[in-house]
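An overview of the molecular structure
Listed below, chain by chain, are the residues.
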Amino acid sequence: MNKHPVLLGITGASGSIYAKRFLSLAKKHGFAVELIITKIGEQVIKHERCESILKDCKKIHRIDDFFAPPATGGSKYLGMAVLPCSMGSLGRIAAGTSDNLLIRAADVCLKESRPLVLVPREMPFSEIHLENMLRLKRAGATIIPASPHFYEHPKTIEELADTVVEKVLKVFLNFT
Ligand SMILES: Cc1cc2nc3c(=O)[nH]c(=O)nc-3n(C[C@H](O)[C@H](O)[C@H](O)COP(=O)(O)O)c2cc1C
């Protein structure tokens, strides 16, 4: 088991399966995962029939709890993945609003130079989305779009999702 847990942020973008697979693969790699999910994220994981994520994650922080450990740089987390990441949350992280625990935790990762991986899911991207992504990349975040690949001939939707999730995990594995 790795010493410090990884934060998983889930927003209201489509693609709950990415979060579900991240939880599963992160455990296999020995990472403890703590969850922060937005209000709309909770609705979307139900809509996409992935609400088992909530049972599978041992530690879930309330989205409005600014007293929770992820809100402060003094708490030791390895870093944070936001997947799937809505354009709304991405924009708020880029603007540094820190107006809910997920956005604040991402802000803390940037200020503490810890890995922050954002997995945006939208199409097409507007100029505003692209500018926000560029700003975040320049601030130290890693942007991994939810663009699965097919060259390993995935046979199931889980295998397809894993082509994205493995890229996300690699960032944390390279950091440990
Ligand atoms: C079923 C569903 C799917 C959505 N998919 C996306 C998406 O893929 N990308 C996105 O940026 N927003 C998507 N949205 C819109 C976001 O949920 C909305 O912008 C919300 O304000 C995001 O809030 P949050 O970032 O706090 O979770 C979707 C909404 C619903 C209801």
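Each remark here, short or long, concerns the structure printed above.
The following paragraphs examine the structure supplied in this document. Note that the structure is a prediction, hence the values are computed from the model and not measured. (Residues numbered from 1 in each chain as written. Predicted model: local features only at pLDDT ≥ 70, side-chain atom pairs only at ≥ 80, totals over all residues. Heavy atoms only, no water.)

Glancing now at the state of the cysteines. In protein chemistry, a disulfide is the covalent bond that joins the sulfur atoms of two cysteines. Applying the stated rule across the entire model yields zero disulfides. Distance from the sulfur of C57, which forms no disulfide, to the nearest cysteine sulfur (C50) is 14 Å. In this model C85 remains outside any disulfide bridge; the closest cysteine sulfur is found in C109, 13 Å from its own. (Disulfide = S-S within 2.5 Å.)

Reported here for the largest pocket is a volume of approximately 170 Å³. Surrounding the largest pocket, 12 residues form its lining, K27, F31, A32, V33 and K58 being those nearest its centre. Elements represented by at least two residues in the lining of the largest pocket include exactly α1 (16–28) and β2 (33–37). (1 Å grid on protein atoms, 1.4 Å probe; cavity = no way out; pocket = protein on both sides within 12 Å on 5 of 7 lines; lining within 4 Å. Points joined across faces, edges and corners; volume = space filled by probe spheres on them. Helix = DSSP H or I, 4+ residues; strand = E, 2+ residues; numbered from the N terminus.)

Turning next to the sheet that holds β2. The pairing of strands in a sheet happens through backbone hydrogen bonds and is either parallel or antiparallel. Sheet architecture is open: six strands sit in the order β3-β2-β1-β4-β5-β6, paired in parallel fashion. At either margin of the open sheet sits one strand with a lone partner, and together these are β3 (59–61) and β6 (142–143). Where strand β1 (residues 6–10) lies against β2, five bridges are found, and the strand directions are parallel. Within β2, the position partnered with V6 by the bridge is V33. (Pairing = 2+ DSSP bridges.)

With that settled, consider the pairing of β1. In terms of burial, β1 is a largely internal element, five of the five residues being buried. Along β1, one buried face is formed by V6, L8 and I10 and the opposite face, lined by L7 and G9, is buried too. A crossover connection joins β1 to the parallel β2 through α1; in handedness this β-α-β unit is right-handed. Bridge count for β1 against strand β4 (residues 79–85) is four bridges, and the pairing is parallel. (Buried < 20%, exposed > 50% of the residue type's maximum accessible area, 1.4 Å probe, protein only. Right-handed = clockwise from strand over helix to strand, strands pointing away.)

Just geometry here; none of it tells us what the structure is for.
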